[in-house]
Structure formats: C-alpha cells, structure tokens
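Residues per chain, in single letters:
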Number of protein chains: 2
Amino acid sequence: MTREIRHLVVIGTGLIGGSVALALRRAGCVGRITGVGRSAENLQLAVDLGVIDDFSHDVAQAVADADMVLVSVPVSASADVFRAMAQNLPADAVITDAGSSKQSVMAAAAEYLPNPSRFVPAHPIAGTEESGAGAAFAELFDRHWCILTPDEATDADALARVRSLWEATGSRVMQMDAAAHDEHLAAVSHLPHVAAFALVNAVRKSGGDDPFRFAAGGFRDFTRIASSSPEMWRDIAMCNREALIAKLDALITELGVLRAAVDGGDADCLLTEFAAARAARDAWLLKYGDEL
Amino acid sequence: MTREIRHLVVIGTGLIGGSVALALRRAGCVGRITGVGRSAENLQLAVDLGVIDDFSHDVAQAVADADMVLVSVPVSASADVFRAMAQNLPADAVITDAGSSKQSVMAAAAEYLPNPSRFVPAHPIAGTEESGAGAAFAELFDRHWCILTPDEATDADALARVRSLWEATGSRVMQMDAAAHDEHLAAVSHLPHVAAFALVNAVRKSGGDDPFRFAAGGFRDFTRIASSSPEMWRDIAMCNREALIAKLDALITELGVLRAAVDGGDADCLLTEFAAARAARDAWLLKYGDEL
C-alpha cells in the first residue's frame, strides 16, 4: 500500500511537477500540496485546476512544513533550489527530483543539502511537447519507467518513501547506478536530440535560398526533436557533459565508417551497417514498442 | 490537356511503377500498360488488381511496341535496364524514370541508350514504407513534387510528354539541374537516412546487454527511417556518392562544433545552435508542412 504524504511541496509546478501532483491526488495518498515557482499566473492556474492547494514564491518558506519535497526544475537550477531550501528543511523531510541527468544533481545535493542521504534522485521517463501547469495530467506517468539512482549513502527509509511516491504516480520504478543512468540516457535521448539539432544546422547552412524545400516525411520525423526547447537541452547537455561527449564521439566514429564506405565504393560495408541498424531497431520495437 | 500515351511499359512494377500506372489510368490518358519484372507472382497480382494489362520478363521484347517507358527499378539497376532495352527501343519512344539520384542515372542513359536525348530523368518525391504492386495506389503522387532534371541535350518533345505524364499522376512538376537535385536530396533525404543508421549503430555498440532499454518516443521517431530498406539505401548512397560525402562532412562538422561546446562548457554556443536549428525547422514546417 502507498505511504501517506502529509504535505508535498512541488518546486517547479510545470508539466512534470503538476502531473506528479495530479497523479498522487488520483492515488489518494497526499494531503496538502504547495506549489513553488516564479510565475504567479502559472501557480494560480495550478490552484484553479486543482493541481495544488496553495503556492509560494519562496522556496525556504514553502519547505518549512514539508514532509516530502519534489524538485522539478531544469537540471541546471537544482543547485540553487537545494541551497535555498537548506536552512528551513525539516530533519525528517525527504527530497526527490525529476531531472534528466543524475550525477550533476547528486553533486549539487551533496554540496548544498544539510543531509544529502534524505535526497533520492529520480528520473521519470515521460513527457510531452507541452509545458506549464495547464499541460499537466494525472496519467502522464502510467506504465512509464521511473529510474531511481540512490547511492550507498542514501537513507533506506527515504528511498522507500520516494519509491512509494513514484509507484503511486503510475510509474514502473527501477533502480540504477547514477553513472549508468547518465550514460544510458546520453545514448538514447541526449545524443539523438543533439544530432537532430546538428543535422538541421548542417542542412540550414548547406546553401541555396530554400534548403529545406524538398524535405519530406522522413525528414520531419527525424528532426521532430529539433523542435524541442533549446534552453532545456542546453541545460541537459551541460549537466551530462562527460557521457554526452562519449556518445557524440561514438556517433562521429560511425558516420566516419559510413563516409569511408561511400568514398571507397564499399557497397558491402554499407549494406552490412544499414542492415545491422535496421535489425537492432526492429528488435527494440518488437520488444518494447508497446511501452512507448 | 494531358497527352495520350498509347502503350506504356513499366519496368519495375512495384509501389512507384504500379502507382504511376494507376494514376495514369485514373487520368484516362493511357491505353495499354505492360509491366516488366522478375517476379511472376507480383506481376500477376498487378494484372489481377488492374494495375497493368499484361506482363513480360523480357525488357527488350516488352519495349518493342512502346511509345513511353517508365524505368522504376533501384537506381543501381538502371544501367542494366537501359542496356537491355537499347536494341529494341522504337526511335520515337520516350523514357523516364523515378530514381532518387539523377546524375548516375543520366550517365547510365548516356552510355547505354541509342538516343539519350529521349530520356527525361524524373524523381517523384513520394513513397510509403510498403513495396510491391499490391501497395500501389492512384493517389500516391497527388500534390507531391516531381522533379525533372533534363539537360541541354534533352529533346523538347520528349520533355513535354514526360512533363504531361507526371502532371497526369497528380504531381506538381518542376525542373532542376541534376547536380542541384542530387545535392539537395543528399541534404534533406540521403543524409538523414545515413545518420539514422549511424546513430542506431552507435547506440547498439555502446555497451550493456540492452542498450535500447529506455529509448522513448523521441528515439522512435528519430530512428524511424533506420527501418528503411538497407538494399535501397545502399544503392542510393552508392549512386550519389559525391553529394552525400559533402553532406556527411557538413554533419560531422556540426557535431564537432557541438562536441567542442559541450567539452568547453560553452552553454551560450549550445543555446545559439539549438535555437537556430529549432527556428529553421519550425519555419520550414510553417511554410511547407501542409504539403507533407
């Protein structure tokens, strides 16, 4: 059975923070929910929609009575949030987050939180192209993975409570080493986004007064993620630099292999590489496609 | 008004060739249609579906009575088809094709056709993931671009007849220099396909026993074209080598710029590059999205 949360404080009441609030209300396992953010308009909307009960613009003040704090801000803002809450955080409060990279957030927690063992890092792998409390919905996390990345110092009680929270949202919860998480997500998420931005820029600079004129459906799908938020992806790239660089190098190496095959007229190499890629993608879709 | 085609021979009666046949029947501008191919099963299906009237496995025999020949085979097979038809082609017959790269097909026509001025290269920018005559449908080309790439030697009458043919399919027809076509398509079509294959391979080789485990919707869309036919894309890459290499180099350069920014912690550079890419893609979709 899901544990009770008496007073949840959601710092960053956007799509993710708002959807966690709605999902926990749906599960009936949360008492009061306070939203924290900069935009009074967004926070008032969140109250009007029943996402939160009340709101504050002051992190320190808001967390003073919390037993659970969810930090769902851009990963680059995590350190400032931890620093702001440090003085007022009740000793028994538990903190979790929703950031797309984990090692940088854990480093910030270790530096600024009075008791980092009460922080349980989390990454719910869910989202839409929308943002803001108005886009939040209770079903966002249903059947999606949420990866927790505790370390050996993480408090067992805090971990159990955070696991219960994410399970109550509908997520399927698993644990993973933070470095493994960051490497894995660099490959399947951060790298494709950066590559999509890079490809659009390569075409944009390729000359002609209308370089995208004959782009068709394949191009549209390939570059869909290049319409994602530049600010958010700058932050993610900056917070997962080491893993992302390794994946960028791997992609540049693969492109170099294919370039050499095209240049050398090595049709067999192209066929082998293309067929291996298709087989790997098709196998992935067959195995996990129903989870997407 | 569309000109009349007395006897159309479609060499390669798959999705494209079959759809051209159906679209011309819909337009009421074609008499007899003969299909040519290797698979008796596919050709009989084409007859049963009313795509073609009759069929042959022999290119030379089939073209002897044609006034219009459509070559819709993989681009790498064009030379063999031209060579096979050379002896039997009526002097007044006109030839067009549907290949994704144009310079290599024109070189093959120049080498093997008795009168290359009667060949008018074409690239209808349309298709689906399906293949074979059973997948053909009359509406495939409606409102899509078809690019013709005649050169200064192209016969004016042949050009007019081929333009009429493609217009009758529902295509919007335009003319372009073959080298410009190949460069343009290398950027917006061939490069994304090769990059998608490369990215899947980079992730596949990135270690772990299940490297795609947490790939989500963004990855699925980005890599959709990596489930395309390896044989077809090998052929296209091999037939447009020079332009594709230039675009691969441009992409590798862009990835290098972003890698250097991540490595050097240059958040401003990442934001600028990401924002420029998003703006360019969004502007393209706004302008041409309704054509896709």
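Residues numbered from 1 in each chain as written. Chains lettered and ligands numbered in written order. Predicted model: local features only at pLDDT ≥ 70, side-chain atom pairs only at ≥ 80, totals over all residues. Heavy atoms only, no water.

1. Examining the side chain of S100 of chain B
Consideration 1: Looking at the element boundaries, S100 of chain B is found in the loop between β5 (94-97) and α5 (103-112).
Consideration 2: Each residue touching S100 of chain B, except ones within four places of it in the same chain, is listed here: V75, H123, H181, L185, H190 and I236 of chain B. (Helix = DSSP H or I, 4+ residues; strand = E, 2+ residues; numbered from the N terminus. Contact = heavy atoms within 4.5 Å.)

2. So, the interface of chain B and chain A
Consideration 1: Contacts between the two partners involve 87 residues from chain B and, on the opposite side, 87 residues from chain A.
Consideration 2: For the pair chain B and chain A, the summed buried surface comes to about 8,200 Å²; carbon and sulfur atoms form 70% of the total.
Consideration 3: The interface formed by chain B and chain A contains 10 salt bridges.
Consideration 4: Among the ionic pairs, D221 of chain A bridges to R224 of chain B, the shortest N-O distance being 2.7 Å.
Consideration 5: For the interface between chain B and chain A, the tally reads 30 residue pairs in polar contact (both at pLDDT 80 or more).
Consideration 6: Broken down by secondary-structure element, the contributors of at least two residues to the side of chain B that touches chain A are β8 (145-148), α7 (178-204), α8 (217-222), α9 (230-239), α10 (241-263) and α11 (267-288) of chain B.
Consideration 7: When residues in the side of chain B that touches chain A are grouped by element, the largest group, 17 residues, is from α7 of chain B.
Consideration 8: Looking at the side of chain B that touches chain A residue by residue, the class counts come to 52 nonpolar, 12 polar and 23 charged. (Buried area = accessible area lost by both parts, 1.4 Å probe. Salt bridge = Lys/Arg side-chain N within 4 Å of Asp/Glu carboxyl O. Polar contact = N/O pair within 3.5 Å; in protein donor to acceptor, adjacent residues only side chain to side chain. Nonpolar A, V, L, I, M, F, W, Y, C, P; charged D, E, K, R; others polar.)

3. Some details on the relation of the copies chain B and chain A
Consideration 1: Between chain B and chain A, which share one sequence, the superposing operator has a rotation angle of 180° and an axial displacement of 0.0 Å; the RMSD is 0.0 Å. The symmetry that links the two subunits is that of a two-fold axis. Minimal C-alpha separation from the rotation axis in chain B is found for F222 of chain B, amounting to 2.0 Å.
Consideration 2: A shared binding surface is used by both copies, with 100% of the interface residues of chain B retained as interface residues in chain A. (Least-squares fit on C-alpha atoms with pLDDT ≥ 70 in both.)

4. Some details on the sheet that holds strand β1 (residues 5-11) of chain B
All names here are of chain B.
Consideration 1: Across the sheet, 6 strands lie side by side as β3-β2-β1-β4-β5-β6; this open sheet has parallel pairing. Of all strands in the sheet, those with a lone pairing partner are β3 (54-56) and β6 (119-120), marking the two edges.
Consideration 2: As defined by bridge partners, strand β2 (residues 30-36) adjoins β3 across 3 bridges and the pair is classed as parallel. The residue of β3 that forms the bridge with G35 is F55. (Pairing = 2+ DSSP bridges.)

5. Describing the environment of A91 of chain B
All names here are of chain B.
Consideration 1: By the secondary structure assignment, A91 is in the loop between α4 (78-85) and β5.
Consideration 2: Residue classification places A91 among the exposed residues on the basis of a relative accessible area of 73%.
Consideration 3: Once the C-alpha coordinates of A91 and N42 are considered, the two residues, 49 residues apart in sequence, prove to be 30 Å apart. (Buried < 20%, exposed > 50% of the residue type's maximum accessible area, 1.4 Å probe, protein only.)

6. Here's the deal with the side chain of R118 of chain B
All names here are of chain B.
Consideration 1: Mapped onto the elements of the fold, R118 is located in the loop between α5 and β6.
Consideration 2: For R118, the side chain forms a polar contact with the main-chain oxygen of D92, separated by 2.6 Å.
Consideration 3: Ignoring anything within four residues of it in the chain, the contact list for R118 reads A91, D92, A93, V94, I95, D155, D157, A158 and R161.

7. Concerning α7 of chain B
Residues and elements named next belong to chain B.
Consideration 1: Compared with an ideal rise of 1.5 Å per residue, which puts 27 residues at 39 Å, α7 spans 36 Å between its outermost C-alpha atoms and is within 8% of the ideal.
Consideration 2: Of all the bends in α7, the largest measures some 50° and sits at A186.
Consideration 3: Most of α7 is tucked away, with 23 of its 27 residues classed as buried.
Consideration 4: Its side-chain oxygen 3.1 Å from the backbone nitrogen of A179, D177 forms the N-cap of α7. (Expected span 1.5 Å × (residues − 1). Bend = angle between axes of the 7 residues up to and from the residue.)

8. Describing the domain arrangement of chain A
Residues and elements named next belong to chain A.
Consideration 1: Taken domain by domain, chain A comprises domain 1 (5-176) and domain 2 (180-291).
Consideration 2: On a C-alpha basis, the centres of domain 1 and domain 2 stand 31 Å from each other.
Consideration 3: Tallying the contact residues gives 16 residues for domain 1 and 11 residues for domain 2.
Consideration 4: Buried area between domain 1 and domain 2, summed over both chains or domains, comes out near 1,200 Å², and the portion from carbon and sulfur atoms is 56%.
Consideration 5: Across the domain 1-domain 2 interface, the total number found is 0 salt bridges.
Consideration 6: For the pair domain 1 and domain 2, the interface holds 6 residue pairs in polar contact (both at pLDDT 80 or more). (Domains from an automatic or database assignment.)

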